[in-house]
Amino acid sequence: MGVWLNKGDCVGDLKKIVLCFLIVYMAILVGTDQDFYSLLGVSKTASSREIRQAFKKLALKLHPDKNPNNPSAHGDFLKINRAYEVLKDEDLRKKYDKYGEKGLADNQQGGQYESWNYYRYDFGIYDDDPEIITLDRREFDAAVNSGELWFVNFYSPGCSHCHDLAPTWREFAKEVDGLLRIGAVNCGDDRMLCRMKGVNSYPSLLIFRPGMAAVKYHGDRSKEDLVSFAMQHVRSTVTELWTDCLTSQTRLRLSGMLDGLVNVGWMDCATQDNLCKSLDITTSTTAYFPPGATLNNKEQSGVLFLNSLDAKEIYLEVMNNLPDFELLSANTLEDRLAHHRWLLFFHFGKNQNSDDPELKKLRTLLKNEHIQVGRFDCLSAPDICSNLYVFQPCLAVFKGQGTREYEIHHGKKILYDILAFAKESVNSHVTTLGPQNFPSSDKEPWLVDFFAPWCPPCRALLPELRKASKHLYGQLKFGTLDCTVHEGLCNMYNIQAYPTTVVFNQSNIHEYEGHHSAEQILEFIEDLMNPSVVSLTPTTFNELVKQRKHDEVWMVDFYSPWCHPCQMLMPEWRRMARSLTGLINVGSVDCQQYHSFCAQENVQRYPEIRFFPQKSNKAYEYHSYNGWNRDAYSLRIWGLGFLPQASIDLTPQTFSEKVLEGKNHWVVDFYAPWCGPCQNFAPEFELLARMIQGKVKAGRVDCQAYAQTCQKAGIRAYPTVKFYPYERAKRNIWGEQIDVRDAKEIAALIYKKLETLRNEEKRNKDEL
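Residues numbered from 1 in each chain as written. Predicted model: local features only at pLDDT ≥ 70, side-chain atom pairs only at ≥ 80, totals over all residues. Heavy atoms only, no water.

1. Observations concerning the overall build of the chain
- Per the secondary structure count, the chain includes 28 helices and 34 strands.
- Residue burial in the chain is summarised as follows: out of 768 residues, 49% are buried.
- Residue pairs at least 24 apart in sequence account for 71% of intrachain contacts in the chain once pairs closer than 6 positions are excluded.
- For the chain, the accessible area works out to roughly 37700 Å², and carbon and sulfur atoms hold 48% of it. (Helix = DSSP H or I, 4+ residues; strand = E, 2+ residues; numbered from the N terminus. Buried < 20%, exposed > 50% of the residue type's maximum accessible area, 1.4 Å probe, protein only. Contact = heavy atoms within 4.5 Å. Areas by Shrake-Rupley, 256 points an atom, 1.4 Å probe, with all protein chains shown as cover.)

See below:
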């Protein structure tokens, strides 16, 4: 069991246990010999919703409020609360699956909990409603971009108005079920998602249609008004053709449900009496005409007469009678897949997908993506399915390259999830791998995701891989390997947890450690291609850091792969290193691999960040980072603070002599010592001074000490950056103001101005 200290550090010094008795006591309270999944009574494949439902059930039963005479109730509840807090978070869940509780050393969830009434009334308000889909941040984009119409309730568990709306929202969801998707987002759990969608009050009701901005509902919160608002956004057209006793509202609703699948029409037999009699229609009725059906006074063939007046019942009966997807044969499969993009359902004998008539909407919803939808019976050609690693009913996207480039779907078998997968997959460059196409000896670099389909963090990673693959097309290939199918191959590479993401570059293998987002994966790849952090061994640490040149400086991160704060630091560490290229050397030491060396260097906690300054007479000197924030910006400021000042402090006299009358280009930072933004900008300006050294001089003017100089220069706010180019004539004290605050952007702007000056000077000489 780990010991927790301040600032999220993973501590390995057992001597400190005595000093941390209270913290260890809390760790013992929340620790458990039981697996987190067993504590909640769920499997490792459990979805977020299943985990939430399981915890709620246990919370209502085991909560200390309901067990006042049980002295162990508090401790027991802390255990299940901790299990829930970890498993509901995809990043923490992945760390737990990979490292156990050791990987959660800085995450002390479970120490607090709500009253029993909270779990009864406020916790996951819509989890038990089948018509309402609770969306988390990973599912949200896939859902609202699927092509379907979504009406989403953003709520907060503690909001009384949200509870007042809940019964109406449930009735409304049942009323429009099948017409549009009804969703809910718990802003207590997904604050970031709600902020990103501009939600700042609860409940907020927003309707989403792909390609259009979200529309917020501002009307009365009655079922009738909600239905009326929703119907305004449903695409529906009813043609006056036929006779029925459906109300106009039911016709519109049915038209919206069947949009793109079946045309909906009606005919008034009171005004079209002769036509109705000629068709032998004597009573009000509803009929479905499939393609090829005929109805006249001589023949009725293939027409389905419907007795129900309920839109949903009619919809389901029509959907069940729509033709199934095209069945591809073994003889034509390769040719069909080579010329078109396909979403293909694989089944074994009986077509299990026909059990869900909703999926028949796929043909219409994927038409604009130029994706055809079909099916293939693996019993007709077992070898074909075996070569594609298809051993059970599933679906896959083929990208127009025959059977060479395809991706198997591992998400939910529901319409919106399949739609999102199909649209993402055909436009990305991720392919399904197996022994035959695994890139073990490939000359091109590959990113391979080793995963298990039952693992929720694995499924959450797949869309991020697709996004990243589009940015790196032509530079890096992306593939996924299902370790439940290819266990031997995964064992060969010592895959012990899912997902494990590895980059193969000929003989070099690099495992990705960091957040599973497209942005950070791209940063990781960029860093592999252009490394900014040196991976140090005991030998290279001695050669490069201890025996560094006199004018060299180093920042070194001593870490352990299982340490969660270390994992959080890694992308920030690489980001910081890239911004300091040429100024500070940046390295890292893996203390799990080089445990004895780190002990020898007196590394007692992870991560341990040290700055090694320019060499002095002292034999061995370094500074340890004790700051609270470990983001790239804070670490960069800390490191730059140890470097000698590159900019020049200017007085009124030196400003006049060197800047206004001198023969150099100057960039000047006008600041006030008490100004917070000035203090934050100071290290950025120092970075700029080093970047432009030798071409442009950098100076700083203290406007508190030299107010008159700043006033003459037209300074009205702090900090203000001005550029003073040398142009032979005496320069204007007002200079050229620069409004950006990033060192690289300022440098690029200055170089562009200098290039313009050179071109003008050359043009003037040519004219003379």
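2. Describing the layout of surface pockets
- Each pocket or cavity is described by its volume, and for the second largest pocket that value is around 1300 Å³.
- Considering the residues around the second largest pocket, the lining is formed by 43 residues, among which Ile 509, His 510, Glu 511, Phe 524 and Tyr 559 are closest to the centre.
- Secondary-structure elements contributing two or more residues to the lining of the second largest pocket are helix H5 (90-99), strand E22 (500-505), strand E23 (508-511), helix H20 (518-529), strand E25 (554-559), helix H22 (564-579) and strand E26 (585-590).
- Counted by class, the lining of the second largest pocket contains 24 nonpolar, 12 polar and seven charged residues. (1 Å grid on protein atoms, 1.4 Å probe; cavity = no way out; pocket = protein on both sides within 12 Å on 5 of 7 lines; lining within 4 Å. Points joined across faces, edges and corners; volume = space filled by probe spheres on them. Nonpolar A, V, L, I, M, F, W, Y, C, P; charged D, E, K, R; others polar.)

3. Regarding the confidence of the model for the chain
- Mean pLDDT over the chain stands at 81; residues scoring 70 or higher make up 81%.
- At the level of individual helices and strands, the chain shows its lowest average pLDDT in strand E1 (residues 3-4), which scores 30, and its highest in E25, which scores 96.
- In this model residues 1-33 is a low-confidence stretch, pLDDT under 50, and it forms 58 contacts with partners more than four residues away in sequence or in other chains. (pLDDT = per-residue confidence, 0-100.)

4. Side note on the packing of H22 against helix H24 (residues 632-640)
- It is the contact of H22 with H24, at a shortest axis distance of 8 Å, that shows an interaxial angle of 50°. Between H22 and H24, the crossing angle belongs to the class labelled oblique. Remark: the crossing between H22 and H24 carries right-handed chirality. Contacts between H22 and H24 involve Leu 569, Glu 572, Trp 573, Arg 575, Met 576 and Ser 579 from the former and Ala 632, Leu 635 and Arg 636 from the latter.
- In terms of residue class, the contact of H22 with H24 is built from five nonpolar, one polar and three charged. (Axes fitted to C-alpha atoms, helices over the stretch in contact; angles between N-to-C directions. Parallel < 35°, antiparallel > 145°, perpendicular 65-115°, else oblique. Left-handed = near helix turned anticlockwise from the far one by under 90°.)

5. So, a negative patch on the surface
- Side chains of Glu 171, Asp 220, Glu 224 and Asp 225 sit close together on the surface and give a patch of like negative charge.
- By secondary structure assignment, the location of Glu 171 is in helix H8 (residues 160-175).
- For Glu 171, a relative accessible area of 46% corresponds to the partly exposed category. (Patch = residues over 30% accessible without salt bridge, like charges linked within 9 Å, V, L, I, M, F, W, Y side chains within 5 Å. Salt bridge = Lys/Arg side-chain N within 4 Å of Asp/Glu carboxyl O. Lys, Arg positive; Asp, Glu negative; His and termini not counted. Charge placed at Lys NZ, Arg CZ, Asp CG, Glu CD.)

6. So, the packing of aromatic side chains
- Inspection of the entire model under this criterion finds 40 aromatic pairs.
- Ring centres of Tyr 37 and Tyr 96 lie 6.3 Å apart, and the angle between their planes is 45°; this geometry places the pair in the tilted category. With Tyr 37 in helix H2 (residues 36-40) and Tyr 96 in helix H5, the pair connects residues that are 59 residues apart, well separated along the chain. With respect to class, Tyr 37 is no different from Tyr 96; both count as buried.
- With 6.2 Å between their ring centres and 55° between their planes, Phe 346 and Phe 398 make a pair best called tilted. (Phe/Tyr/Trp six-rings, centres within 6.5 Å; stacked < 30°, edge-to-face > 60°.)

7. Overview of the sheet that holds strand E4 (residues 150-155)
- In space, the five strands of this open sheet follow the order E3-E5-E4-E6-E7, with mixed pairing throughout. In the strand order of this sheet, the two ends are held by strand E3 (132-134) and strand E7 (215-216), each with one partner.
- Here three bridges tie E3 to strand E5 (residues 181-186), and the two strands are oriented parallel to one another. Paired with Thr 134 across the strands is Ala 184, a residue of E5.
- Against the sheet, H8 makes contact with E3, E4, E5 and strand E6 (204-208), and its axis sits at roughly 160° relative to E4, the strand it touches most. (Pairing = 2+ DSSP bridges.)

8. Comments concerning empty space enclosed by the protein
- Applying the stated rule across the entire model yields four cavities of 30 Å³ or more.
- Each pocket or cavity is described by its volume, and for the largest cavity that value is around 120 Å³.
- Residue lining of the largest cavity: 14 residues in total, with Asp 91, Lys 95, Gly 514, His 515 and His 516 positioned closest to the centre.
- Elements represented by at least two residues in the lining of the largest cavity include exactly H5, helix H18 (456-471) and H22.

9. Side note on the side chain of Glu 407
- Along the polypeptide, Glu 407 turns up in strand E18 (residues 406-408).
- A polar side-chain atom of Glu 407 sits 2.8 Å from a polar atom in the side chain of Ser 425.
- For Glu 407, the side chain forms a polar contact with the side chain of Arg 466, separated by 3.0 Å.
- If near-sequence neighbours (up to four positions away) are discounted, Glu 407 is found in contact with Leu 395, Ala 396, Val 397, Lys 399, Phe 421, Ser 425, Ser 428, Val 430, Thr 432 and Arg 466. (Polar contact = N/O pair within 3.5 Å; in protein donor to acceptor, adjacent residues only side chain to side chain.)

10. A few points about H20
- Compared with the 16 Å implied by 1.5 Å per residue over 12 residues, the 17 Å span of H20 between its first and last C-alpha is a close match.
- Ala 518, Gln 520, Ile 521, Glu 523, Phe 524, Ile 525 and Asp 527 are the residues of H20 that are buried. (Expected span 1.5 Å × (residues − 1).)

11. Description of the pattern of salt bridges
- All told, the structure shown has 25 salt bridges when counted by the stated rule.
- Linking Arg 375 and Asp 324 is a salt bridge whose minimum nitrogen-to-oxygen distance equals 3.6 Å. Taken together, the residues Arg 375 in strand E16 (residues 371-377) and Asp 324 in the loop between helix H13 (311-321) and strand E14 (326-327) connect sequence positions 51 residues apart.
- Of the residues examined, Arg 375 reaches a relative accessible area of 16% and is grouped as buried.
- In this structure, Glu 686 and Arg 690 form a salt bridge, with 3.1 Å as the shortest nitrogen-oxygen distance.

12. Points about the pairing of strand E32 (residues 697-702)
- With five of its six residues buried, E32 lies for the most part within the structure.
- The pairing of strand E30 (residues 648-650) with E32 spans three bridges and is parallel. Along E32, the bridge assignment pairs Leu 650 with Val 701.
- Chirality of the crossover, the property in question, places the unit of strand E31 (residues 666-671), helix H26 (residues 676-691) and E32 among those that are right-handed. (Right-handed = clockwise from strand over helix to strand, strands pointing away.)

13. What about the state of the cysteines?
- Scanning all chains against the criterion turns up seven disulfides.
- The disulfide bridge from Cys 483 ends at Cys 490, spanning 2.0 Å between sulfur atoms. Residues Cys 483 and Cys 490 share a disulfide whose torsion about the S-S bond is about -90°; that sign makes it left-handed. Pair check on accessibility: Cys 483 and Cys 490 agree, each one buried.
- The side chain of Cys 675 participates in a disulfide bridge whose partner is Cys 678; the two sulfur atoms lie 2.5 Å from each other. The chirality of the disulfide connecting Cys 675 with Cys 678 is right-handed, given an S-S dihedral of about 85°. Pair check on accessibility: Cys 675 and Cys 678 agree, each one buried.
- Free of any disulfide, Cys 394 has its nearest neighbouring cysteine sulfur in Cys 378, separated by 7.1 Å.
- By relative accessible area, Cys 394 is classed as buried at 11%. (Disulfide = S-S within 2.5 Å.)

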